[in-house]
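# Geometric and topological summary
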Amino acid sequence: IVHWTPFFQTYKKQRYPWVQLAGHQGNFRAGPTPGTILKKLCPQEEACFRLLMNDILRPYVPEFKGVLDVNDTEESNVEGNEAGETLQKDSNSDNVTKRTIVSSYLQLQDLLGDFEHPCVMDCKVGVRTYLESELAKAKERPKLRKDMYEKMVQVDPSAPSAEERRVQGVTKPRYMVWRETISSTATLGFRVEGIKLAHGGSSKDFKTTRTREQVTEALRRFVEDYSHAVPKYIQRLKAIRTTLKASPFFASHEVVGSSLLFVHDAKNAGIWMIDFAKTLPLPQHLPRICHDAEWKVGNHEDGYLIGVNNLIDIFQDIWNS
Ligand code: ATP
Ligand code: MG
Ligand code: MG
């Protein structure tokens, strides 16, 4: 499944099924005020939004309206508690435990709020989607993983080396690096995570949409019958690129696993940067990165601008044909 409707949203007298193209279904809920949504709080992402509200990138990210604690009632027969949630009270009835837990959420602008029957696309930007620290951790005690070997063979039987075939296993760091090559992430600096068309439709799996031709076809289908959106997307991407190059936030952060969210309907089209859960300040010894240089282990380059440049080129190809 590529998209979910975790809740119905009401805004501007309309009621519509809210669309979620990635992430865990339980991470989102309707906001307390119209036109807002709540995303489970991650401290790293909160820190980014606080900086972004004072950065020139502000027009290109959802408005951040603060942190909200919400009481969730949860029925469960499992003891224990999830990380980050405070246990408030327990009441036992038979073997079901009802408990109220307080979860913190980021209150964000609902980017779908100004659209009618929107088409939505999530593109994850950058040449890798894991942090340098995650790779370093995977390298600490690299064990041979049979499960990862099998996932690899399922996608591409020719991917494992002769040695990996012999031992029927691959290490996690090897798997992480390989996984970015089955989509367009490693070569184009972005990949399509999910698409939802106006009336359902095309919630295809894009995990192995890899070549420029395949990606172009996916984007072409996304804007089919909405040709007005193409020049708007090109213009918006160029404005984002110009702003990124001048942004103090962008210069000083490694932006990994973040997406550009494309939204259009019959009249309008917009793009916003979302998902900063893996966007980290650069280490002290590295005051800035350029975001369009080749990534080598340790240089923290994320390839974000490579992705933006390729998105512009591909939408321009679509417009010219
Ligand atoms: P993952 O890390 O797996 O990508 P996540 O839990 O960090 O997921 P996000 O990537 O931030 O979540 O968002 C998941 C999806 O929710 C997006 O693809 C998009 O469809 C929707 N979404 C997120 N933020 C907004 C927003 N402000 N307005 C409208 N839709 C949003
Ligand atoms: Mg995401
Ligand atoms: Mg995320």
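What counts, and at which threshold
Residues numbered from 1 in each chain as written. Chains lettered and ligands numbered in written order. Predicted model: local features only at pLDDT ≥ 70, side-chain atom pairs only at ≥ 80, totals over all residues. Heavy atoms only, no water. Donors = N, O, S within 2.8 Å, 3.2 Å for Na, K, Ca; no water. Helix = DSSP H or I, 4+ residues; strand = E, 2+ residues; numbered from the N terminus. pLDDT = per-residue confidence, 0-100. Contact = heavy atoms within 4.5 Å. Phe/Tyr/Trp six-rings, centres within 6.5 Å; stacked < 30°, edge-to-face > 60°. Buried < 20%, exposed > 50% of the residue type's maximum accessible area, 1.4 Å probe, protein only. Lys NZ or Arg CZ within 6 Å of the ring centre and 35° of its normal. Near = heavy atom within 4 Å. Polar contact = N/O pair within 3.5 Å; in protein donor to acceptor, adjacent residues only side chain to side chain. Areas by Shrake-Rupley, 256 points an atom, 1.4 Å probe, with all protein chains shown as cover. 1 Å grid on protein atoms, 1.4 Å probe; cavity = no way out; pocket = protein on both sides within 12 Å on 5 of 7 lines; lining within 4 Å. Sits in = over half its atoms within 2 Å of the grid points. Nonpolar A, V, L, I, M, F, W, Y, C, P; charged D, E, K, R; others polar. Arc of directions from axis to C-beta. Axes fitted to C-alpha atoms, helices over the stretch in contact; angles between N-to-C directions. Parallel < 35°, antiparallel > 145°, perpendicular 65-115°, else oblique. Left-handed = near helix turned anticlockwise from the far one by under 90°.

### A short note on the coordination of the magnesium ion (ligand 3)
- Within the protein, the atoms that donate to the magnesium ion (ligand 3) are Asp275 (OD) and Asp275 (OD), at distances of 2.3 to 2.5 Å.
- The distance between the magnesium ion (ligand 3) and the magnesium ion (ligand 2) comes to 3.9 Å, with Asp275 serving as a donor to both metals.
- For Asp275, the location among the structural elements is in the loop between β12 (269–274) and β13 (279–281).

### Some thoughts on the confidence of the model for the chain
- For the chain, per-residue confidence averages 90 on the pLDDT scale, and 90% of positions sit at 70 or higher.
- In this model residues 79–89 is a low-confidence stretch, pLDDT under 50, and it forms 24 contacts with partners more than four residues away in sequence or in other chains.
- Here the predicted complex carries an ipTM of 0.99, next to a pTM of 0.90.

### Quick word on the packing of aromatic side chains
- In total, this model carries 13 aromatic pairs according to the counting rule given.
- Judged by centre distance (5.1 Å) and plane angle (75°), the rings of Tyr233 and Phe262 are edge-to-face. One end of the pair, Tyr233, is in helix α8 (residues 229–246); the other, Phe262, is in strand β11 (residues 259–264), and 29 residues separate them in sequence. A single burial state applies to Tyr233 and to Phe262, both of which are buried.
- Put simply, the rings of Phe49, Phe64, Phe249 and Phe276 touch in pairs and so form one group of aromatic residues.
- Arg236 extends its terminal NZ or CZ atom over the ring of Trp272, reaching a point 5.2 Å from the ring centre.

### Remarks on the site of ligand 1
- Taken together, 19 residues are adjacent to ligand 1, and Leu21, Lys39, Gln109, Asp122 and Asp275 come closest.
- Here Leu111 contributes a backbone N or O atom positioned 2.9 Å from a nitrogen atom of ligand 1.
- Lys124 places a polar side-chain atom, nitrogen or oxygen, 3.5 Å from an oxygen atom of ligand 1.
- Protein burial of ligand 1: of its 620 Å² of free accessible surface, 89% is covered by the chains.
- More than half of the atoms belonging to ligand 1 lie within 2 Å of the grid points that define the second largest pocket.
- Of all the secondary structure elements, the ones that give two or more residues to the shell around ligand 1 are β4 (36–40) and β8 (119–125).
- Partitioning the shell around ligand 1 into residue classes produces 10 nonpolar, four polar and five charged.

### Some words on unusual backbone geometry
- With a phi close to 70°, Asp225 is a non-glycine residue in the positive phi region.
- Secondary-structure assignment places Asp225 in the loop between α7 (212–223) and α8.
- Accessibility expressed as a relative area gives 76% for Asp225, which makes it exposed.
- Non-glycine residue His291 carries a positive phi angle of around 70°.
- With respect to the element layout, His291 can be found in the loop between β13 and α10 (304–320).

### Details of helix α1 (residues 43–52)
- Inspection of α1 places Glu45, Glu46, Cys48, Phe49 and Leu52 among the buried residues, and these make up the whole buried set. The buried residues of α1 occupy an angular sector of 160° when the element is viewed end-on, so they sit on one face.

### Examining the packing of helix α2 (residues 132–140) against helix α5 (residues 172–179)
- For the pair α2 and α5, interaxial distance at closest approach is 8 Å and the crossing angle is 145°. On α5, the residues touching Glu134, Leu135, Ala138 and Lys139 of α2 are Lys172, Pro173, Met176 and Val177.
- For the contact of α2 with α5, the class distribution of residues is five nonpolar, no polar and three charged.

### Here we look at the packing of α8 against α10
- As a packed pair, α8 and α10 sit with axes 9 Å apart at the nearest point and diverge in direction by 160°. As far as their axial angle goes, α10 and α8 are roughly antiparallel. Pair α8 / α10 crosses with left-handed handedness. Seen from α8, the contacting residues are Val230, Pro231, Tyr233, Ile234, Leu237, Lys238, Arg241, Leu244 and Lys245; seen from α10, they are Tyr304, Leu305, Val308, Asn309, Leu311, Ile312, Phe315, Gln316 and Trp319.
- Considered class by class, the residues forming the contact of α8 with α10 number 13 nonpolar, two polar and three charged.

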